[in-house]
Amino acid sequence: MEQIFSQTVKEVQNLVGLSREEMKILEDVDSAASELLEYEYQYYLEHRYNEKIPEILSKYDLMGIPILTKYQGRGARPIVHALAMERLGQVGMGVVTFADVHQFLGSLTIQQWGNEEQKQRYLPKAAKGSIILAFALTEPEAGSDPSSMLSTYSAKDGRYYITGSKYLISNGSVADNMIVFARGIENSKEISAFILDTKSTGFKVEMKLLDKPGLFTSDTALLSMEEVEVSKEDLLGKEGKGLSVAYSALLNGRIGIGAGCVGVMDDCLKQVKERSINRVQHGKAIAKHQLIQKHIAKIASELEASRWLVYRAALQKEKYDKSPEDIDLRLETDRMSAIAKYTASNASFDVADRAMQIFGGFGYNLFSPVTRHFLDTRVARIYEGTDEIMELKIASTILGKEYEAYR
Amino acid sequence: MKLTYSGVIDLLGDNDRVFALLGNPEFLIKSIPDVESSKRLDDRSFEAVIKLKLSIVSSSIRTLIQIREATKDSVVIHASGSGGGSSIALLISFQRNPKEIRWSADAEVSGLISGLGSSILNTFAKRKIEETIRSIQKAAAIV
C-alpha cells in the first residue's frame, strides 16, 4: 500500500477495527489508485475526461463500494468508503468526483430510496460498472436553492414527461442513467425524483463544459430534456418527496468529497516533503529554511484536523444508517458531514496553494503535480454545497431550525 | 532527487531465456522502448538516444548504458543521460527466481523532471522497465 495510506489504515484499524473483507477493499482501492495515477495525470494535461476511471474501478470491483453485497456491491460501511475516497483523492479530485457521483449520489441514493424492483434493476449493473450514474439537480437558475428549479414534469397515461435544463452535471455526458429532479406541472410545490435513461428521446447533452479552471478529467455537462418519457416504475421515492431524496444524497456525497480532499492533502504533504528535501537554494535544502517549515507545519495540521473530522462524520453516518428514523441522529450526521466537507475542502485548497508556494516557479506551471490539486480542489468549495450553504447549515444546527437563514 | 523502485514480473515459464537475453546488449538495446538510435561501444556498453516524453520533459536523451554484471542469476545495468533540462542516472538489478524476475532500481534525477515528483516518476519508470522485459520476452519467443 501507498505509505501514507497504509499508516492511515493502521490508525483506523486500531480505532474501529476493520474486517478482512474491508482490508481487501482498501487493498483493491490502493491497486486501482496506483494504476490510475499516470492516466489521471496524462488526461489532466490533455484537458479531457479520464475514461480510464470507470474501466479501472470496474477491474478492481470498486464501482459499488457502499452498495450491499446482495446487489453485487462490496457492502462497505461509511468509514471504509471514506478511506477509499481518501486514497482516490491522492490521485486527484477528478477521480473522486466520478466515484462520488456514481456511488454516493447515484447508486447509494437508489439503495436508500428505491423500491426493490428498482434496486434489482439498477444496483448490480452500477456496482459492476456496466452502467454509469449521474445526479441532475442543479440548473442554470437553481444552484444553492434547488427548490427554485424550473424543470417540470407532467403525468399522462401512467407515464411521466420531463422538460427542462440541468447544468454543471458531473458524469453528465457519459452517464447511462441519472437521477433527475423536476417540479410537478399540476402541483408546482411538488418536486419529485426520477431515474432517467439518457438514451430516451428528448434527452440531449447540450454542451460538454470544457472551459473550467480545473477538474479537467471529470466530465461536466449542460443537459436539456424535452418531454423525456419516464415510466411510473422509475419514480424514485414518493411523488413530491424529491427534495428529501436530493438532500439525503448530498449528505452522503459530502463525506465522500471531504474524504477526497483529505487524500489531496496527503499527496500535497508527500510532494512538498520530497521537493523541499531535494531542492537546494542558498546552499542548503529548502526544507531547512524555517519559512518553508512553517508551510509544512500548516499543511500537516490542516490535514490531520480535516482527516479526523471526516472519519468522525463517517462514523456518525454509520450510526445513523442503523437508525434512519432517528431525527436527532440525522441532524447530527447532517451537521458533521457539513463540517467535514466545509473544513476539508477549504483546507485542501489552502494546502494546495501552500504546496505551490513551496514548489516556487515550478509550482506555477500546469505540469506540477501540486498545481493540479490547486486547480482541482477549488470546486470542492462550491459543488455539493457551497461554503456559504455549509456555514448556514452548520450555524442553524447549533442555533435551531427557527434560525435557518435560507428559509 | 533519489528514487527507488522495485517490481516482480511473472514470465510464465520464459524466465531462463528472457534472463539470458537481458544481459545481451544486442537484445537489450532492441527492447528498450523509444530508442531513436544506438551505437555499440564495447561488449558491455552502448550509447543510445532515447526519446523521453513525460509531461514537461519531451526530448531526446543521450544515454550511456552499461551492463555491469551478467551472471545466470543476476543482471545489473547502469544508465545515465541528460537532455531537455533534466538528468537521469539509473542502476537497475534483475534477480532470476524460478517463476519470476525480481527487479529493483535506484535512480537519481535532477532538473525539470525532478519537479514531477516521485509518484508520477515511479509509475512511469515501472511501466518502461516492464515494457523492456516484455519486449525481451517477445524476442525470446522468436529466437
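Not measured: the values here are computed from a predicted model. Along every chain, residues carry numbers that run from 1 in the direction the sequence is written. Labels are handed out in written order, letters beginning with A for the chains and numbers beginning with 1 for the ligands. Per-residue local features of the predicted model are confined to residues with pLDDT of at least 70, and side-chain atom pairs are confined, for both listing and counting, to 80 or more; whole-chain, interface and lining totals are unaffected and use all residues. With hydrogens and water set aside, each side-chain value is computed from the structure's full complement of heavy atoms.

Below, the discussion takes up the overall build of chain A. The way it works is that DSSP assigns letters per residue, a run of H or I at least four long becomes a helix, a run of E at least two long becomes a strand, and they are numbered from the N terminus. For chain A, the count of helices and strands is 11 helices and 10 strands. Classification of residues uses two cut-offs on accessible area relative to the type maximum, computed with a 1.4 Å probe and protein chains only: under 20% is buried, over 50% is exposed, and between them is partly exposed. Across the 407 residues in chain A, those meeting the buried criterion constitute 57%. Two residues qualify as a contact provided that any one of their heavy atoms is within 4.5 Å of a heavy atom in the partner residue. Here the contacts in chain A between residues at least 6 apart in sequence split such that 74% fall between residues at least 24 apart. When the accessible area of chain A is evaluated, it comes to approximately 16,900 Å², of which 52% is carbon and sulfur surface. Positive charge is attributed to Lys and Arg, negative charge to Asp and Glu, and no charge count is given to His or to the chain ends. Note on charges: their place is set at NZ of Lys, CZ of Arg, CG of Asp or CD of Glu. Side-chain charges in chain A split into 50 positive and 56 negative, and the spacing between the mean points of these groups amounts to 4 Å. The method behind every accessible area is Shrake-Rupley, applied with a 1.4 Å probe, and residues are considered shielded solely by the protein chains displayed.

Looking now at the domain arrangement of chain A. All names here are of chain A. Those domain boundaries reflect an automatic or database domain assignment. The assigned domain composition of chain A is domain 1 (3-132), domain 2 (135-236) and domain 3 (242-403). Its C-alpha centre places domain 1 at a distance of 24 Å from the equivalent point of domain 2. If you look at the interface, domain 1 gives 27 residues, while domain 2 gives 18 residues. A quick way to say it: buried area is the sum, across both parts, of accessible area lost when two parts are put together, with a 1.4 Å probe. Summed over both partners, the interface of domain 1 with domain 2 buries about 1,900 Å², with 64% contributed by carbon and sulfur atoms. Each reported salt bridge corresponds to a side-chain nitrogen of Lys or Arg within 4 Å of a carboxyl oxygen of Asp or Glu. At the boundary of domain 1 with domain 2, the tally comes to one salt bridge. Among the ionic pairs, Arg121 bridges to Asp234, the shortest N-O distance being 3.2 Å. A per-element tally of the side of domain 1 that touches domain 2 places helix 5 (residues 93-113) first, with 11 residues. In the scheme used here, Gly and all other residues not listed as nonpolar or charged are polar, with Ala, Val, Leu, Ile, Met, Phe, Trp, Tyr, Cys and Pro taken as nonpolar and Asp, Glu, Lys and Arg as charged. For the side of domain 1 that touches domain 2, the residue count by class is 13 nonpolar, 10 polar and four charged.

Turning our eyes to something else, we now look at the interface of chain B and chain A. On the side of chain A, 16 residues touch chain B, which itself brings 15 residues to the contact. On the chain B side of the contact with chain A, B:Gly115, B:Ser119 and B:Ile120 bury the most area, a combined 33% of that side's loss. Applying the counting criterion to the chain B and chain A interface returns one salt bridge. Across the pair A:Glu38 and B:Arg127 runs a salt bridge, and its minimum N-O distance is 2.4 Å. For the purposes of these results, a polar contact is taken to be a pair of N or O atoms within 3.5 Å, where, inside protein, one atom must be able to donate a hydrogen and its partner to accept one; residues adjacent in sequence count only when each atom of the pair is a side-chain atom. Inspection of the region where chain B meets chain A yields three residue pairs in polar contact (both at pLDDT 80 or more). Element by element, the count of residues in the side of chain B that touches chain A is highest for helix 3 (residues 118-142) of chain B, at six residues. Class assignment for the residues of the side of chain B that touches chain A results in six nonpolar, seven polar and two charged.

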